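# Notes for the structure review
The chain contents come next:
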Amino acid sequence: MSQDGPVSEGDTLTYARTFTNEEVQQFAALSKDDGYHHMVEDEDGQVVLHGLLTATMPTKLGGDIDFLARTMEFEFPRPAYTGIEITCTSTIESVTEREDRTELSVSFVCETEHGNVVLRGESEGVVMG
């Protein structure tokens, strides 16, 4: 989803996707993080997602509003797995208008299709323009 026009306090953006084993392998090749739990399938044919691969979901939502993060804080309460849909919801917590930019404080939470929170966090940054 792409945001049209300015953002306001309380606005939410949502993005859902299901990661594949191949995407985890590609991320492992890029990040050089090839931990066993990311590379070897369990009895259900799934692997654990890299935390920072999961974190691409709120960064995708930030990209939708041309958000340039200054800080990002992540908490990973439980592992996320391939083959399970994850929905990320980002909420604009505060908006401060400056002469040359808009400053934002944003929170986000990523939940599996089963209701398990796999990522939560917050970010501060700017929308230039």
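Below, the structure is looked at part by part. What you are looking at is a predicted structure, and each value in this text was computed from that prediction instead of being measured.

In terms of regular secondary structure, the protein chain is built from 4 helices and 5 strands. Counted from the first residue to the last, the protein chain has its helices and strands arranged as β-α-α-α-α-β-β-β-β. Overall size of the protein chain, expressed as C-alpha extent along the three principal axes, is 55 × 30 × 25 Å. The 129 residues of the protein chain split such that 37% are buried.

Where nonpolar side chains cluster on the molecular surface, the patch consists of Tyr36, Met39 and Val40 and spans about 300 Å² of accessible area. Within the secondary structure, Val40 is located in the loop between α2 (36–39) and α3 (51–54).

As summarised here, the arrangement of the 5 strands in space is β1-β3-β4-β5-β2, forming an open sheet in which the pairing is antiparallel. The two strands at the open ends of the sheet, each matched to only one other strand, are β1 (12–17) and β2 (67–75). Adjacent strand axes in the sheet meet at a mean angle of 20°, parallel and antiparallel pairs treated alike. Note: β2 against strand β5 (residues 117–128), 8 bridges, orientation antiparallel. Its bridge partner being in β5, Ala69 is matched across the sheet by Gly125.

Among all positions of helix α1 (residues 21–31), only Asn21, Val24, Phe27 and Ala28 are buried. Down the axis of α1, the sector holding all buried residues measures 120°, keeping them to one side. In α1, the exposed positions angled more than 90 degrees off the buried face are occupied by Glu22 and Leu30. On its buried face, α1 is in contact with α2 and α3. Positioned one or two residues after α1, Lys32 has a phi angle of 65°, which is positive.

We now examine unusual backbone geometry. Even without a glycine there, the phi angle at Lys32 is positive, about 65°. Within the secondary structure, Lys32 sits in the loop between α1 and α2. Of note in this structure, Asp66 is not a glycine but carries a positive phi near 60°. Note on placement: Asp66 falls in the loop between α4 (56–64) and β2.

Criteria and cut-off values
- Residues numbered from 1 in each chain as written.
- Predicted model: local features only at pLDDT ≥ 70, side-chain atom pairs only at ≥ 80, totals over all residues.
- Heavy atoms only, no water.
- Helix = DSSP H or I, 4+ residues; strand = E, 2+ residues; numbered from the N terminus.
- Buried < 20%, exposed > 50% of the residue type's maximum accessible area, 1.4 Å probe, protein only.
- Patch = residues over 30% accessible without salt bridge, like charges linked within 9 Å, V, L, I, M, F, W, Y side chains within 5 Å.
- Areas by Shrake-Rupley, 256 points an atom, 1.4 Å probe, with all protein chains shown as cover.
- Salt bridge = Lys/Arg side-chain N within 4 Å of Asp/Glu carboxyl O.
- Pairing = 2+ DSSP bridges.
- Axes fitted to C-alpha atoms, helices over the stretch in contact; angles between N-to-C directions.
- Arc of directions from axis to C-beta.
- Contact = heavy atoms within 4.5 Å.

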